[in-house]
Amino acid sequence: MPDPAAYAPMSAAEARRLRDTLQKQGKKLVFTNGCFDLLHAGHVRYLQQARELGDALVVGLNSDASVRELKGPTRPLNRERDRAEVLAGLRAVDGVVVFTDKRATELIEAIQPHIYAKGGDYTPESLDPGERAALQKAGTQIQILSLVPGRSTTKIIERMTNAEDAGQPLRLGVLGSGAGSNLRALIQAIHDQALDAQIVAAISDHADSGFLRIAQQEGLPAYHVDAGKDPRRFDESAQKKVLQLLQEAGADIVVLTGFMRILKEPLLSAFADRIVNVHPSLLPAYKGATAVQDVLDEGEIETGCTVHLVNADIDAGKILAQVKVPILIGDDAEQLHARIKKQEHILLPKVLAEWRRD
Ligand code: GRF
């Protein structure tokens, strides 16, 4: 068994040698960099994806001093030697090189990786200009990988230090206009303990909707907000009423399950990045209220459902998860929608359960 005390990070020169050896074998070295001061599942999945882009993965790890510069005086949570050792223990990671600058520019110049992986909402254009120039000079291919939603070190720290919230069920404010099958699925998932949550408000714009009936039968705090007959309208006073109900109920997250009116300010900002919608298509394809009929009209052979974050644009926020559903010969909109909904009933609670466990 290797002596753990004997662990030492790789030097930049060793990483370069690894790159040269791979090059001779016609293989590729992937490089990424970061602070990694509290390793979580998001990191592990991200590093695994990065490793799969080539044949070996080297991680540039910011030194303690550079993490402090980047993240403030309370970081890093773990010292650089420990951070390096934990990272090096991951199956996806072939080597860890500690670097002292805030940026990895010099390390990129020294290693000249074949592929550079970066996580998050970056585009090649929004990378640090120094790093980008070094990558371009080395002929490195840049790959942006999506981060696992909800996972972040900052969030974990928030939760650990906020004793009030720690271990509490997620408080859901659920909005719906229709049959309410997704509401029922959420209730079931909570009952089965697959989802650690509590529905603190169930709000509908239709007094006689299945959604509201289910909410009432289940003894949930159920509210009808009268927004008028025209479903394209959602006037300011009705929006404010919904916001007030959600805030008074102390909702952490707003879940839209077939809520047919368009949310606007101030609701959007009050729950920014905390409003989730379930939509019956594989977004970005087939946005809008007639998505199920539209895929049939277009003669598609496959559709599905999407859980995504809500912003001011219709059905266009960040996609959190999707499931495909085949379209069968002879399907009409009702049959197809019923099969899509079956998948929604699994996907929506799953996304919310993961949100909690981030
Ligand atoms: C679902 O298909 C959802 O994707 C869409 O509206 C439908 C709501 O169904 N946005 P239900 O009211 O939950 O049964």
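Quick look at the structure, then. (Residues numbered from 1 in each chain as written. Predicted model: local features only at pLDDT ≥ 70, side-chain atom pairs only at ≥ 80, totals over all residues. Heavy atoms only, no water.)

### With respect to the nonpolar core
Counting 37 residues, the largest nonpolar core has Leu172 and Leu183 as its most contacted members. For this core, the leading source of residues is helix H13 (residues 333–357), giving 8 residues. Among residues more than four places away in sequence, those in contact with Leu183 are Val174, Ile199, Phe211, Ile214, Ala215 and Leu220. (Core = buried A, V, L, I, M, F, W, Y, C linked by side-chain atoms within 4.5 Å. Buried < 20%, exposed > 50% of the residue type's maximum accessible area, 1.4 Å probe, protein only. Helix = DSSP H or I, 4+ residues; strand = E, 2+ residues; numbered from the N terminus. Contact = heavy atoms within 4.5 Å.)

### Details of the site of the ligand
Surveying the vicinity of the ligand reveals the residues Gly178, Ala179, Gly180, Ser181, Asn182, Gly258, Val278, His279, Pro280, His337, Lys341 and Glu344. With respect to the ligand, the backbone of Ala179 contributes an N or O atom lying 3.2 Å from an oxygen atom. For the ligand, whose accessible area on its own is 360 Å², the fraction buried by protein is 91%. At a threshold of 2 Å from the grid points, most atoms of the ligand map onto the second largest pocket. (Near = heavy atom within 4 Å. Polar contact = N/O pair within 3.5 Å; in protein donor to acceptor, adjacent residues only side chain to side chain. Areas by Shrake-Rupley, 256 points an atom, 1.4 Å probe, with all protein chains shown as cover. 1 Å grid on protein atoms, 1.4 Å probe; cavity = no way out; pocket = protein on both sides within 12 Å on 5 of 7 lines; lining within 4 Å. Sits in = over half its atoms within 2 Å of the grid points.)

### Quick look at unusual backbone geometry
Note the cis peptide between Arg75 and Pro76, where omega equals 0°. Inspection of the secondary structure puts Pro76 in the loop between helix H3 (64–71) and helix H4 (80–88). At the junction of Leu283 and Pro284, the peptide bond is cis and its omega measures out at 10° in the coordinates. Tracing the backbone shows Pro284 in the loop between strand S10 (275–279) and helix H12 (291–297).

### Description of a negative patch on the surface
The grouping of Glu69, Asp101, Glu106 and Glu109 at the surface amounts to a negative patch. Its location among the elements puts Glu106 in helix H5 (residues 105–111). (Patch = residues over 30% accessible without salt bridge, like charges linked within 9 Å, V, L, I, M, F, W, Y side chains within 5 Å. Salt bridge = Lys/Arg side-chain N within 4 Å of Asp/Glu carboxyl O. Lys, Arg positive; Asp, Glu negative; His and termini not counted. Charge placed at Lys NZ, Arg CZ, Asp CG, Glu CD.)

### Some points on the packing of helix H8 (residues 181–191) against helix H9 (residues 210–217)
Contact geometry of H8 with H9 gives a least axis separation of 8 Å together with a crossing angle of 25°. Taken together, the axes of H8 and H9 are roughly parallel relative to one another. Each of Leu183, Arg184 and Ile187 in H8 lies in contact with H9, whose residues at this interface are Phe211, Ile214, Ala215 and Gln217. Taken together, the residues of the contact of H8 with H9 sort by class into 5 nonpolar, 1 polar and 1 charged. (Axes fitted to C-alpha atoms, helices over the stretch in contact; angles between N-to-C directions. Parallel < 35°, antiparallel > 145°, perpendicular 65-115°, else oblique. Nonpolar A, V, L, I, M, F, W, Y, C, P; charged D, E, K, R; others polar.)

### Digging into the sheet that holds strand S11 (residues 302–309)
The strands that make up a sheet are held in pairs by hydrogen bonds between backbone atoms, and each pair lies either parallel or antiparallel. Reading across the sheet, the 7 strands line up as S8-S7-S6-S9-S10-S11-S12 and stay open at both edges, with mixed pairing between neighbours. Sheet topology places strand S8 (222–224) and strand S12 (319–326) at the edges, where each strand pairs with a single neighbour. In this sheet, adjacent strand axes meet at a mean angle of 20° when their direction is disregarded. Pairing analysis gives 4 bridges linking strand S6 (residues 170–175) to strand S9 (residues 253–257), with the strands arranged parallel. For Leu175, the partnering residue across the bridge sits in S9 and is Leu256. Across the sheet, H8 touches S6, strand S7 (197–204), S9 and S10, and the angle it forms with S7 is around 165°. Taken strand by strand, helix H10 (residues 236–249) contacts S6, S7, S8 and S9, and its axis lies near 160° from that of S7. (Pairing = 2+ DSSP bridges.)

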